[in-house]
Amino acid sequence: MERPERAAAALAVQPRANGCSGAGHGALRNGYVRGLSPPDTQINHIVHNGGLYKRPFNEAFEETPMLVAVLTYVGYGVLTLFGYLRDFMRQWKIEKCQNATEREEQKDFVPLYQDFENFYNRNLYMRIRDSWNRPICSVPGAKVDMMERVSHDYNWTFTYTGRVIKDIINMGSYNYLGFAQKAGTCQEAAAKVLSQYGAGVCSTRQEMGNLDKHEELEKLVARFLGVESAMAYGMGFATNSMNIPALVGKGCLILSDELNHASLVLGARLSGATIRIFKHNNMQSLEKLLKDAIVYGQPRTRRPWKKILILVEGIYSMEGSIVRLPEVIALKKKYKSYLYLDEAHSIGALGPSGRGVVEYFGLSPEDVDVMMGTFTKSFGAAGGYIGGKKELIDYLRTYSHSAVYATSLSPPVVEQIITSMKCIMGEDGTTVGKARVQQLAENTRYFRRRLKEMGFIIYGNEDSPVVPLMLYMPAKIGAFGREMLKRNIGVVVVGFPATPIIESRARFCLSAAHTKEMLDTALKEINEVGDLLQLKYSRHRLVPLLDRPFDETTYEETED
(Lines give C-alpha, C1' and ligand atoms only; values in the text may rest on other atoms or scores of the structure.)
Protein backbone atom coordinates (compact mmCIF):
# COMPACT_ATOMS: atom_id res chain seq x y z
CA MET A 1 0.00 0.00 0.00
CA GLU A 2 1.59 3.28 -1.11
CA ARG A 3 2.02 5.96 1.47
CA PRO A 4 -0.09 9.00 0.38
CA GLU A 5 1.44 12.47 0.37
CA ARG A 6 0.15 14.80 3.01
CA ALA A 7 0.63 18.46 3.77
CA ALA A 8 2.82 19.25 6.73
CA ALA A 9 -0.14 20.62 8.70
CA ALA A 10 2.07 21.98 11.46
CA LEU A 11 0.22 22.98 14.59
CA ALA A 12 -0.36 26.69 14.92
CA VAL A 13 -0.35 26.30 18.68
CA GLN A 14 1.74 23.65 20.37
CA PRO A 15 -0.55 21.74 22.77
CA ARG A 16 0.68 21.65 26.34
CA ALA A 17 0.96 18.44 28.31
CA ASN A 18 -2.22 16.49 27.68
CA GLY A 19 -3.93 19.58 26.34
CA CYS A 20 -3.60 21.70 29.49
CA SER A 21 -1.22 24.20 30.97
CA GLY A 22 0.11 24.65 34.46
CA ALA A 23 -1.97 26.77 36.76
CA GLY A 24 0.38 27.82 39.52
CA HIS A 25 1.29 26.21 42.81
CA GLY A 26 -0.32 22.82 43.49
CA ALA A 27 -1.74 22.45 40.00
CA LEU A 28 -1.39 19.39 37.84
CA ARG A 29 -0.84 19.26 34.09
CA ASN A 30 -4.24 17.71 33.49
CA GLY A 31 -6.55 20.40 34.78
CA TYR A 32 -7.15 19.08 38.29
CA VAL A 33 -5.78 20.22 41.62
CA ARG A 34 -5.02 17.85 44.45
CA GLY A 35 -6.92 18.06 47.70
CA LEU A 36 -9.72 20.44 46.67
CA SER A 37 -13.36 19.66 46.11
CA PRO A 38 -14.36 18.73 42.53
CA PRO A 39 -16.54 21.82 41.79
CA ASP A 40 -13.57 24.09 42.51
CA THR A 41 -10.88 22.00 40.87
CA GLN A 42 -12.31 20.43 37.74
CA ILE A 43 -11.33 22.46 34.70
CA ASN A 44 -12.76 21.74 31.26
CA HIS A 45 -9.96 20.90 28.88
CA ILE A 46 -11.48 23.25 26.32
CA VAL A 47 -9.80 26.10 28.20
CA HIS A 48 -6.17 25.08 27.73
CA ASN A 49 -5.94 23.01 24.55
CA GLY A 50 -5.14 25.49 21.82
CA GLY A 51 -8.62 25.28 20.31
CA LEU A 52 -8.40 21.57 19.48
CA TYR A 53 -11.55 20.71 21.45
CA LYS A 54 -14.98 22.01 20.54
CA ARG A 55 -16.59 20.68 23.73
CA PRO A 56 -15.67 20.12 27.39
CA PHE A 57 -13.63 17.00 27.99
CA ASN A 58 -14.10 15.87 31.57
CA GLU A 59 -12.25 12.70 32.41
CA ALA A 60 -10.58 11.78 35.67
CA PHE A 61 -9.33 8.82 37.68
CA GLU A 62 -9.35 9.29 41.44
CA GLU A 63 -6.18 8.12 43.11
CA THR A 64 -6.30 4.95 45.17
CA PRO A 65 -6.34 5.71 48.92
CA MET A 66 -3.05 4.62 50.47
CA LEU A 67 -4.67 2.43 53.13
CA VAL A 68 -6.80 0.67 50.51
CA ALA A 69 -3.73 0.03 48.33
CA VAL A 70 -1.79 -1.42 51.28
CA LEU A 71 -4.69 -3.65 52.36
CA THR A 72 -5.12 -4.84 48.77
CA TYR A 73 -1.48 -5.91 48.55
CA VAL A 74 -1.79 -7.59 51.94
CA GLY A 75 -4.90 -9.43 50.74
CA TYR A 76 -3.09 -10.78 47.69
CA GLY A 77 -0.14 -11.68 49.89
CA VAL A 78 -2.31 -13.70 52.27
CA LEU A 79 -4.00 -15.47 49.33
CA THR A 80 -0.59 -16.29 47.86
CA LEU A 81 0.68 -17.73 51.15
CA PHE A 82 -2.41 -19.90 51.52
CA GLY A 83 -2.00 -20.92 47.89
CA TYR A 84 1.52 -22.23 48.51
CA LEU A 85 0.26 -24.00 51.63
CA ARG A 86 -2.52 -25.70 49.68
CA ASP A 87 -0.12 -26.65 46.90
CA PHE A 88 2.11 -28.25 49.57
CA MET A 89 -0.90 -30.19 50.89
CA ARG A 90 -1.83 -31.29 47.36
CA GLN A 91 1.72 -32.48 46.71
CA TRP A 92 1.59 -34.69 49.82
CA LYS A 93 -1.92 -35.96 49.00
CA ILE A 94 -3.40 -34.27 52.06
CA GLU A 95 -5.74 -32.31 49.82
CA LYS A 96 -7.21 -33.67 46.60
CA CYS A 97 -5.57 -32.15 43.52
CA GLN A 98 -8.22 -31.26 40.94
CA ASN A 99 -6.18 -29.14 38.54
CA ALA A 100 -4.79 -30.52 35.27
CA THR A 101 -1.35 -32.14 35.68
CA GLU A 102 0.84 -34.48 33.64
CA ARG A 103 0.69 -38.20 34.29
CA GLU A 104 3.67 -39.75 36.03
CA GLU A 105 5.00 -41.31 32.80
CA GLN A 106 4.98 -37.86 31.14
CA LYS A 107 7.16 -36.15 33.71
CA ASP A 108 10.29 -36.35 31.52
CA PHE A 109 8.59 -34.71 28.54
CA VAL A 110 8.16 -30.99 27.89
CA PRO A 111 5.53 -29.91 30.47
CA LEU A 112 2.04 -29.35 29.14
CA TYR A 113 1.00 -27.39 32.21
CA GLN A 114 3.28 -24.76 33.70
CA ASP A 115 2.76 -25.13 37.43
CA PHE A 116 3.74 -21.58 38.34
CA GLU A 117 1.66 -20.03 35.56
CA ASN A 118 -1.41 -21.88 36.78
CA PHE A 119 -0.84 -20.90 40.41
CA TYR A 120 -3.16 -17.90 40.16
CA ASN A 121 -5.91 -19.97 38.51
CA ARG A 122 -5.72 -22.74 41.12
CA ASN A 123 -5.56 -20.70 44.26
CA LEU A 124 -7.01 -17.25 43.58
CA TYR A 125 -9.26 -17.33 40.52
CA MET A 126 -10.91 -20.62 41.52
CA ARG A 127 -12.21 -19.06 44.75
CA ILE A 128 -14.36 -16.58 42.80
CA ARG A 129 -14.85 -18.50 39.55
CA ASP A 130 -18.63 -18.48 40.07
CA SER A 131 -18.60 -14.74 39.24
CA TRP A 132 -17.94 -15.44 35.55
CA ASN A 133 -19.34 -17.51 32.67
CA ARG A 134 -22.83 -17.39 34.10
CA PRO A 135 -25.19 -18.94 31.50
CA ILE A 136 -28.16 -16.82 30.44
CA CYS A 137 -31.13 -18.29 28.61
CA SER A 138 -32.82 -15.22 27.10
CA VAL A 139 -32.16 -12.23 24.88
CA PRO A 140 -29.40 -10.08 26.44
CA GLY A 141 -31.68 -7.07 26.75
CA ALA A 142 -32.32 -4.72 29.67
CA LYS A 143 -33.35 -7.79 31.68
CA VAL A 144 -32.15 -11.38 31.32
CA ASP A 145 -33.02 -14.85 32.58
CA MET A 146 -30.13 -16.83 34.09
CA MET A 147 -29.74 -20.56 34.71
CA GLU A 148 -29.01 -21.26 38.37
CA ARG A 149 -25.94 -23.35 39.13
CA VAL A 150 -24.25 -24.55 42.31
CA SER A 151 -20.84 -25.97 43.15
CA HIS A 152 -20.12 -28.62 45.75
CA ASP A 153 -16.33 -28.62 45.30
CA TYR A 154 -15.40 -24.95 45.73
CA ASN A 155 -16.01 -23.87 42.11
CA TRP A 156 -14.01 -26.63 40.40
CA THR A 157 -17.23 -27.94 38.82
CA PHE A 158 -20.79 -26.65 38.60
CA THR A 159 -24.16 -28.39 38.61
CA TYR A 160 -27.33 -26.88 37.18
CA THR A 161 -30.31 -26.96 39.51
CA GLY A 162 -32.88 -26.69 36.73
CA ARG A 163 -34.15 -23.40 38.13
CA VAL A 164 -34.15 -20.23 36.04
CA ILE A 165 -33.66 -16.87 37.77
CA LYS A 166 -36.04 -14.48 36.02
CA ASP A 167 -35.83 -10.75 35.24
CA ILE A 168 -32.27 -9.98 36.31
CA ILE A 169 -31.43 -6.36 35.47
CA ASN A 170 -28.62 -6.64 32.94
CA MET A 171 -25.83 -4.17 33.73
CA GLY A 172 -23.09 -6.06 31.94
CA SER A 173 -23.93 -6.53 28.23
CA TYR A 174 -22.67 -4.17 25.51
CA ASN A 175 -26.25 -3.59 24.35
CA TYR A 176 -25.73 0.17 24.20
CA LEU A 177 -28.69 1.10 22.00
CA GLY A 178 -30.98 -1.74 23.01
CA PHE A 179 -31.10 -3.47 19.62
CA ALA A 180 -30.53 -6.89 21.22
CA GLN A 181 -34.24 -7.74 21.35
CA LYS A 182 -36.53 -10.59 20.33
CA ALA A 183 -39.30 -8.41 18.90
CA GLY A 184 -39.46 -5.35 16.66
CA THR A 185 -38.45 -4.30 13.17
CA CYS A 186 -34.91 -5.71 13.40
CA GLN A 187 -36.12 -9.15 14.47
CA GLU A 188 -38.83 -9.19 11.81
CA ALA A 189 -36.42 -8.17 9.03
CA ALA A 190 -33.82 -10.75 10.14
CA ALA A 191 -36.49 -13.50 10.24
CA LYS A 192 -37.59 -12.60 6.70
CA VAL A 193 -34.03 -12.75 5.39
CA LEU A 194 -33.46 -16.05 7.22
CA SER A 195 -36.35 -17.61 5.30
CA GLN A 196 -34.99 -16.29 2.00
CA TYR A 197 -31.21 -16.77 2.35
CA GLY A 198 -30.84 -19.33 5.12
CA ALA A 199 -28.57 -19.12 8.15
CA GLY A 200 -25.11 -19.60 6.61
CA VAL A 201 -23.19 -18.73 3.46
CA CYS A 202 -20.72 -21.65 3.46
CA SER A 203 -18.09 -19.76 1.49
CA THR A 204 -15.71 -16.80 1.58
CA ARG A 205 -16.41 -13.43 -0.02
CA GLN A 206 -13.92 -14.11 -2.81
CA GLU A 207 -15.57 -17.38 -3.80
CA MET A 208 -19.33 -18.03 -3.61
CA GLY A 209 -20.05 -16.09 -0.42
CA ASN A 210 -20.55 -12.55 -1.71
CA LEU A 211 -24.27 -11.76 -1.39
CA ASP A 212 -26.15 -8.66 -2.47
CA LYS A 213 -26.84 -8.09 1.23
CA HIS A 214 -23.11 -7.83 1.92
CA GLU A 215 -22.75 -5.21 -0.81
CA GLU A 216 -25.72 -3.28 0.58
CA LEU A 217 -24.27 -3.39 4.10
CA GLU A 218 -20.88 -2.08 3.05
CA LYS A 219 -22.34 0.84 1.11
CA LEU A 220 -24.52 1.69 4.10
CA VAL A 221 -21.58 1.52 6.52
CA ALA A 222 -19.51 3.83 4.29
CA ARG A 223 -22.39 6.33 4.18
CA PHE A 224 -22.92 6.06 7.94
CA LEU A 225 -19.23 6.74 8.66
CA GLY A 226 -18.82 9.42 6.01
CA VAL A 227 -15.99 7.60 4.22
CA GLU A 228 -15.40 6.56 0.61
CA SER A 229 -15.66 2.82 1.12
CA ALA A 230 -16.01 0.11 3.78
CA MET A 231 -15.66 -3.63 4.19
CA ALA A 232 -17.46 -5.95 6.61
CA TYR A 233 -16.00 -8.96 8.39
CA GLY A 234 -17.54 -11.89 10.24
CA MET A 235 -15.70 -11.37 13.53
CA GLY A 236 -14.78 -8.19 15.38
CA PHE A 237 -11.63 -9.63 16.98
CA ALA A 238 -10.35 -10.88 13.63
CA THR A 239 -11.04 -7.49 12.04
CA ASN A 240 -8.15 -6.14 14.09
CA SER A 241 -5.90 -9.16 14.41
CA MET A 242 -6.01 -10.09 10.72
CA ASN A 243 -6.00 -6.63 9.09
CA ILE A 244 -3.20 -4.89 10.98
CA PRO A 245 -0.66 -7.41 9.56
CA ALA A 246 -1.92 -6.53 6.08
CA LEU A 247 -1.26 -2.83 6.66
CA VAL A 248 2.19 -2.87 8.30
CA GLY A 249 5.13 -5.24 8.43
CA LYS A 250 8.87 -5.40 8.93
CA GLY A 251 10.45 -1.96 8.84
CA CYS A 252 7.28 -0.31 10.11
CA LEU A 253 6.63 1.14 13.57
CA ILE A 254 3.43 0.70 15.61
CA LEU A 255 2.72 3.09 18.48
CA SER A 256 0.08 1.45 20.67
CA ASP A 257 -1.79 2.71 23.72
CA GLU A 258 -0.87 0.62 26.77
CA LEU A 259 -4.54 -0.25 27.39
CA ASN A 260 -5.44 -1.31 23.85
CA HIS A 261 -7.64 -4.38 23.40
CA ALA A 262 -6.09 -7.83 22.98
CA SER A 263 -7.16 -7.93 19.32
CA LEU A 264 -5.07 -4.84 18.57
CA VAL A 265 -2.14 -6.25 20.53
CA LEU A 266 -2.32 -9.57 18.68
CA GLY A 267 -2.61 -7.87 15.30
CA ALA A 268 0.43 -5.73 16.07
CA ARG A 269 2.48 -8.75 17.13
CA LEU A 270 1.47 -10.77 14.07
CA SER A 271 2.49 -7.94 11.74
CA GLY A 272 6.21 -8.27 12.47
CA ALA A 273 6.49 -4.50 12.90
CA THR A 274 8.38 -2.89 15.77
CA ILE A 275 5.99 -2.07 18.62
CA ARG A 276 6.37 0.72 21.13
CA ILE A 277 3.87 1.46 23.88
CA PHE A 278 2.76 4.89 25.07
CA LYS A 279 1.06 5.64 28.38
CA HIS A 280 -2.72 5.57 28.28
CA ASN A 281 -4.17 8.68 26.62
CA ASN A 282 -0.96 10.57 27.37
CA MET A 283 -0.09 12.92 24.53
CA GLN A 284 3.30 13.77 26.05
CA SER A 285 4.26 10.11 25.89
CA LEU A 286 2.94 9.66 22.34
CA GLU A 287 4.73 12.77 21.06
CA LYS A 288 8.01 11.69 22.64
CA LEU A 289 7.82 8.34 20.84
CA LEU A 290 6.93 10.07 17.56
CA LYS A 291 9.86 12.45 17.91
CA ASP A 292 12.26 9.62 18.70
CA ALA A 293 10.96 7.63 15.73
CA ILE A 294 11.60 10.54 13.37
CA VAL A 295 14.99 11.47 14.83
CA TYR A 296 16.52 8.03 15.33
CA GLY A 297 14.73 5.90 12.74
CA GLN A 298 15.01 2.12 12.81
CA PRO A 299 17.28 0.39 15.35
CA ARG A 300 20.86 -0.30 14.22
CA THR A 301 20.42 0.88 10.59
CA ARG A 302 18.88 4.29 11.47
CA ARG A 303 16.92 4.19 8.25
CA PRO A 304 13.56 6.00 8.25
CA TRP A 305 10.55 3.89 9.17
CA LYS A 306 8.51 2.74 6.18
CA LYS A 307 5.30 3.62 8.03
CA ILE A 308 4.37 4.79 11.51
CA LEU A 309 0.93 3.58 12.64
CA ILE A 310 -0.79 4.87 15.79
CA LEU A 311 -3.27 2.41 17.35
CA VAL A 312 -5.98 3.80 19.65
CA GLU A 313 -9.53 2.97 20.72
CA GLY A 314 -12.57 5.25 20.84
CA ILE A 315 -13.75 4.09 24.27
CA TYR A 316 -11.48 1.91 26.40
CA SER A 317 -13.65 -0.90 27.71
CA MET A 318 -11.91 -1.35 31.07
CA GLU A 319 -11.25 2.29 31.97
CA GLY A 320 -14.35 3.97 30.55
CA SER A 321 -12.08 6.63 29.08
CA ILE A 322 -12.44 8.30 25.67
CA VAL A 323 -9.46 8.79 23.39
CA ARG A 324 -8.12 12.34 23.12
CA LEU A 325 -8.74 12.20 19.40
CA PRO A 326 -8.23 15.90 18.51
CA GLU A 327 -4.76 15.79 20.02
CA VAL A 328 -3.93 12.42 18.46
CA ILE A 329 -4.95 13.71 15.02
CA ALA A 330 -2.90 16.89 15.54
CA LEU A 331 0.18 14.81 16.37
CA LYS A 332 -0.51 12.45 13.48
CA LYS A 333 -0.57 15.35 11.03
CA LYS A 334 2.46 17.02 12.58
CA TYR A 335 4.63 13.91 12.31
CA LYS A 336 3.02 12.52 9.12
CA SER A 337 2.04 9.15 10.57
CA TYR A 338 -1.06 6.98 10.11
CA LEU A 339 -3.95 6.58 12.55
CA TYR A 340 -5.88 3.35 13.18
CA LEU A 341 -9.00 4.01 15.28
CA ASP A 342 -10.88 1.12 16.91
CA GLU A 343 -14.47 2.23 17.54
CA ALA A 344 -15.78 -1.09 18.85
CA HIS A 345 -17.36 0.55 21.92
CA SER A 346 -17.83 4.11 20.66
CA ILE A 347 -19.69 3.59 17.38
CA GLY A 348 -23.38 4.09 18.06
CA ALA A 349 -22.67 5.05 21.67
CA LEU A 350 -21.10 8.50 21.14
CA GLY A 351 -21.96 11.52 19.05
CA PRO A 352 -25.27 13.34 18.54
CA SER A 353 -26.34 10.86 15.87
CA GLY A 354 -24.36 7.82 17.10
CA ARG A 355 -21.54 8.07 14.58
CA GLY A 356 -18.86 7.53 17.17
CA VAL A 357 -15.94 9.40 18.67
CA VAL A 358 -15.15 11.28 15.45
CA GLU A 359 -18.59 12.91 15.49
CA TYR A 360 -18.40 13.32 19.28
CA PHE A 361 -15.44 15.69 18.85
CA GLY A 362 -16.82 17.29 15.67
CA LEU A 363 -13.93 16.04 13.54
CA SER A 364 -13.72 14.94 9.92
CA PRO A 365 -13.59 11.21 9.10
CA GLU A 366 -10.94 12.06 6.51
CA ASP A 367 -8.49 12.75 9.34
CA VAL A 368 -8.62 9.08 10.42
CA ASP A 369 -6.79 6.78 8.00
CA VAL A 370 -8.34 3.48 9.17
CA MET A 371 -11.74 3.51 10.89
CA MET A 372 -12.49 0.18 12.50
CA GLY A 373 -15.55 -0.84 14.50
CA THR A 374 -17.74 -3.79 15.40
CA PHE A 375 -21.41 -4.66 14.98
CA THR A 376 -21.47 -6.71 18.18
CA LYS A 377 -22.41 -3.93 20.57
CA SER A 378 -24.53 -0.97 19.50
CA PHE A 379 -26.07 -2.91 16.60
CA GLY A 380 -26.90 -6.08 18.53
CA ALA A 381 -25.33 -8.34 15.90
CA ALA A 382 -21.89 -9.79 15.12
CA GLY A 383 -18.85 -8.96 13.02
CA GLY A 384 -16.77 -5.87 12.33
CA TYR A 385 -15.91 -3.35 9.64
CA ILE A 386 -13.09 -1.19 8.33
CA GLY A 387 -13.79 2.11 6.60
CA GLY A 388 -11.56 4.58 4.80
CA LYS A 389 -10.43 5.60 1.35
CA LYS A 390 -11.38 3.41 -1.59
CA GLU A 391 -7.72 2.55 -2.25
CA LEU A 392 -7.37 1.22 1.30
CA ILE A 393 -10.48 -0.98 1.10
CA ASP A 394 -9.56 -2.32 -2.35
CA TYR A 395 -6.15 -3.23 -0.97
CA LEU A 396 -7.68 -5.07 2.00
CA ARG A 397 -10.10 -7.00 -0.20
CA THR A 398 -7.06 -8.55 -1.85
CA TYR A 399 -4.56 -8.88 0.99
CA SER A 400 -6.58 -9.22 4.20
CA HIS A 401 -6.64 -12.76 5.63
CA SER A 402 -10.14 -12.11 6.98
CA ALA A 403 -11.35 -11.29 3.49
CA VAL A 404 -9.63 -14.17 1.72
CA TYR A 405 -10.08 -17.06 4.14
CA ALA A 406 -12.96 -16.26 6.51
CA THR A 407 -16.57 -17.29 5.91
CA SER A 408 -18.93 -14.43 5.04
CA LEU A 409 -21.33 -12.86 7.50
CA SER A 410 -24.57 -14.75 8.06
CA PRO A 411 -27.45 -13.12 6.07
CA PRO A 412 -29.80 -12.67 9.08
CA VAL A 413 -26.95 -11.02 10.98
CA VAL A 414 -26.32 -8.71 8.03
CA GLU A 415 -29.99 -7.75 7.97
CA GLN A 416 -29.94 -7.04 11.72
CA ILE A 417 -27.06 -4.62 11.15
CA ILE A 418 -28.69 -2.96 8.14
CA THR A 419 -32.03 -2.47 9.89
CA SER A 420 -30.53 -1.14 13.14
CA MET A 421 -28.13 1.17 11.29
CA LYS A 422 -30.93 2.62 9.16
CA CYS A 423 -32.90 3.14 12.37
CA ILE A 424 -29.99 5.09 13.90
CA MET A 425 -29.67 7.15 10.70
CA GLY A 426 -33.41 7.85 10.62
CA GLU A 427 -33.80 6.19 7.22
CA ASP A 428 -36.61 3.98 8.55
CA GLY A 429 -38.86 7.02 8.65
CA THR A 430 -38.86 7.27 12.45
CA THR A 431 -36.91 9.08 15.16
CA VAL A 432 -36.49 5.91 17.23
CA GLY A 433 -32.75 5.66 16.54
CA LYS A 434 -32.05 9.26 17.49
CA ALA A 435 -34.14 8.85 20.64
CA ARG A 436 -32.09 5.77 21.63
CA VAL A 437 -28.81 7.64 21.21
CA GLN A 438 -30.11 10.49 23.38
CA GLN A 439 -31.51 8.08 25.97
CA LEU A 440 -28.15 6.33 26.27
CA ALA A 441 -26.42 9.68 26.85
CA GLU A 442 -28.96 10.63 29.54
CA ASN A 443 -28.71 7.24 31.26
CA THR A 444 -24.91 7.47 31.23
CA ARG A 445 -24.73 10.90 32.86
CA TYR A 446 -27.43 10.08 35.41
CA PHE A 447 -25.88 6.75 36.46
CA ARG A 448 -22.36 8.16 36.74
CA ARG A 449 -23.52 11.19 38.72
CA ARG A 450 -25.51 9.12 41.21
CA LEU A 451 -22.63 6.69 41.82
CA LYS A 452 -20.24 9.57 42.49
CA GLU A 453 -22.74 11.16 44.88
CA MET A 454 -22.89 7.90 46.82
CA GLY A 455 -19.14 8.03 47.39
CA PHE A 456 -17.85 5.35 44.99
CA ILE A 457 -14.65 5.81 43.01
CA ILE A 458 -15.71 5.86 39.35
CA TYR A 459 -13.24 5.84 36.47
CA GLY A 460 -13.53 7.30 32.99
CA ASN A 461 -15.19 10.03 30.98
CA GLU A 462 -18.54 11.49 32.01
CA ASP A 463 -19.99 10.62 28.57
CA SER A 464 -18.74 7.02 28.46
CA PRO A 465 -21.43 4.31 28.84
CA VAL A 466 -18.73 2.01 30.27
CA VAL A 467 -18.69 2.73 34.01
CA PRO A 468 -15.95 1.09 36.15
CA LEU A 469 -16.64 1.07 39.91
CA MET A 470 -13.48 0.37 41.88
CA LEU A 471 -13.43 -2.62 44.26
CA TYR A 472 -9.66 -2.96 44.80
CA MET A 473 -9.47 -5.85 47.27
CA PRO A 474 -9.51 -9.42 45.88
CA ALA A 475 -12.09 -10.73 48.36
CA LYS A 476 -14.53 -8.01 47.33
CA ILE A 477 -14.50 -9.06 43.66
CA GLY A 478 -16.47 -12.24 44.24
CA ALA A 479 -18.46 -10.76 47.13
CA PHE A 480 -19.75 -7.87 45.02
CA GLY A 481 -20.81 -10.12 42.12
CA ARG A 482 -22.59 -12.58 44.44
CA GLU A 483 -24.36 -9.91 46.49
CA MET A 484 -25.61 -8.15 43.37
CA LEU A 485 -26.89 -11.41 41.90
CA LYS A 486 -28.77 -12.09 45.14
CA ARG A 487 -30.53 -8.79 44.52
CA ASN A 488 -31.33 -9.70 40.88
CA ILE A 489 -28.71 -7.41 39.35
CA GLY A 490 -26.30 -8.92 36.83
CA VAL A 491 -22.87 -7.26 36.84
CA VAL A 492 -19.40 -7.93 35.45
CA VAL A 493 -16.50 -7.95 37.91
CA VAL A 494 -12.89 -7.78 36.73
CA GLY A 495 -9.59 -8.42 38.50
CA PHE A 496 -5.94 -9.18 37.91
CA PRO A 497 -4.49 -9.96 35.35
CA ALA A 498 -7.14 -8.15 33.25
CA THR A 499 -6.51 -5.05 35.40
CA PRO A 500 -3.57 -3.85 37.49
CA ILE A 501 -3.32 -5.89 40.68
CA ILE A 502 -4.66 -3.14 42.97
CA GLU A 503 -7.35 -1.90 40.57
CA SER A 504 -10.01 -4.63 40.59
CA ARG A 505 -13.40 -3.29 39.60
CA ALA A 506 -17.00 -3.87 38.68
CA ARG A 507 -17.83 -2.72 35.17
CA PHE A 508 -21.32 -1.48 34.34
CA CYS A 509 -22.46 -1.01 30.75
CA LEU A 510 -25.39 1.34 30.26
CA SER A 511 -28.07 0.79 27.64
CA ALA A 512 -30.78 2.90 26.04
CA ALA A 513 -33.11 0.03 26.96
CA HIS A 514 -32.63 0.76 30.67
CA THR A 515 -35.53 2.73 32.11
CA LYS A 516 -35.06 5.21 34.94
CA GLU A 517 -36.87 2.77 37.24
CA MET A 518 -34.37 0.03 36.37
CA LEU A 519 -31.43 2.33 36.99
CA ASP A 520 -32.88 3.54 40.30
CA THR A 521 -33.39 -0.07 41.39
CA ALA A 522 -29.84 -0.97 40.44
CA LEU A 523 -28.47 2.14 42.17
CA LYS A 524 -30.39 1.35 45.34
CA GLU A 525 -28.94 -2.17 45.46
CA ILE A 526 -25.44 -0.95 44.58
CA ASN A 527 -25.69 1.56 47.41
CA GLU A 528 -26.67 -1.19 49.88
CA VAL A 529 -23.91 -3.53 48.74
CA GLY A 530 -21.45 -0.64 48.85
CA ASP A 531 -22.28 -0.07 52.51
CA LEU A 532 -22.19 -3.80 53.25
CA LEU A 533 -18.75 -4.30 51.68
CA GLN A 534 -17.43 -0.83 52.57
CA LEU A 535 -16.72 0.16 48.96
CA LYS A 536 -17.27 3.91 49.24
CA TYR A 537 -13.63 4.94 49.07
CA SER A 538 -13.99 8.31 47.33
CA ARG A 539 -12.24 11.30 48.85
CA HIS A 540 -12.81 13.44 45.73
CA ARG A 541 -9.15 13.68 44.84
CA LEU A 542 -9.27 13.52 41.07
CA VAL A 543 -6.00 12.53 39.44
CA PRO A 544 -6.23 11.26 35.84
CA LEU A 545 -4.13 8.23 34.94
CA LEU A 546 -2.21 10.26 32.39
CA ASP A 547 -0.60 12.25 35.22
CA ARG A 548 1.31 9.25 36.54
CA PRO A 549 5.08 9.77 36.40
CA PHE A 550 6.68 9.11 33.03
CA ASP A 551 8.97 6.10 33.18
CA GLU A 552 10.90 5.09 30.10
CA THR A 553 11.40 1.58 31.47
CA THR A 554 7.73 0.84 30.84
CA TYR A 555 8.14 1.23 27.09
CA GLU A 556 8.72 -2.02 25.29
CA GLU A 557 10.35 -2.36 21.92
CA THR A 558 10.22 -5.36 19.63
CA GLU A 559 13.35 -5.35 17.52
CA ASP A 560 13.24 -6.44 13.90
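You'll find the protein entered in an unreviewed UniProt entry as serine C-palmitoyltransferase, with Galbula dea given as the organism. The UniProt entry for the protein carries this comment under Subcellular location (unreviewed entry): "Endoplasmic reticulum membrane". Heading Cofactor (unreviewed entry) of the UniProt record for the protein holds this comment: "pyridoxal 5'-phosphate".

## Points about a nonpolar patch on the surface
A cluster of nonpolar residues, Met66, Val70, Val74, Val78, Phe82, Leu85, Phe88, Trp92 and Ile94, forms a patch on the protein surface that exposes about 940 Å² of accessible area. Mapped onto the secondary structure, phenylalanine 88 falls in helix 2 (residues 66–91).

## Comments concerning the packing of helix 14 (residues 432–454) against helix 16 (residues 516–533)
Relative to each other, helix 14 and helix 16 sit at 20 degrees, their axes nearing to 11 Å. The angle between helix 14 and helix 16 falls in the class roughly parallel. Crossing handedness for the pair helix 14 and helix 16: right-handed. Contact residues: Asn443, Tyr446, Phe447, Arg450, Leu451 and Met454 in helix 14; Lys516, Leu519, Asp520, Leu523, Ile526 and Asn527 in helix 16.

## A short note on the sheet that holds strand 12 (residues 466–472)
Strand order across the open sheet formed by three strands is 12-15-14, with antiparallel pairing between neighbours. Each end of this open sheet is capped by a strand with a single partner; those strands are strand 12 and strand 14 (492–494). On average, adjacent strands in this sheet sit at an angle of 25 degrees to one another, irrespective of strand direction. Sheet topology places strand 12 next to strand 15 (residues 504–509); six bridges connect them, and they run antiparallel. Opposite leucine 469, over in strand 15, you have alanine 506 as the bridge partner. Lying over the sheet, helix 14 contacts strand 12 and strand 15, oriented at roughly 20 degrees with respect to strand 12.

## Details of the environment of serine 229
Inspection of the secondary structure puts serine 229 in strand 4 (residues 229–233). Sequence separation of serine 229 and aspartate 394 is 165 residues, and the distance between their C-alpha atoms is 8.7 Å. Those residues in contact with serine 229 that sit more than four places away from it in its chain are Ala222, Ile386, Gly387, Gly388, Lys390, Ile393 and Arg397.

Parameters at a glance
Residues numbered from 1 in each chain as written. Predicted model: local features only at pLDDT ≥ 70, side-chain atom pairs only at ≥ 80, totals over all residues. Heavy atoms only, no water. UniProt positions renumbered as here; feature names shortened; annotations may be inferred. Patch = residues over 30% accessible without salt bridge, like charges linked within 9 Å, V, L, I, M, F, W, Y side chains within 5 Å. Areas by Shrake-Rupley, 256 points an atom, 1.4 Å probe, with all protein chains shown as cover. Salt bridge = Lys/Arg side-chain N within 4 Å of Asp/Glu carboxyl O. Helix = DSSP H or I, 4+ residues; strand = E, 2+ residues; numbered from the N terminus. Axes fitted to C-alpha atoms, helices over the stretch in contact; angles between N-to-C directions. Parallel < 35°, antiparallel > 145°, perpendicular 65-115°, else oblique. Left-handed = near helix turned anticlockwise from the far one by under 90°. Contact = heavy atoms within 4.5 Å. Pairing = 2+ DSSP bridges.

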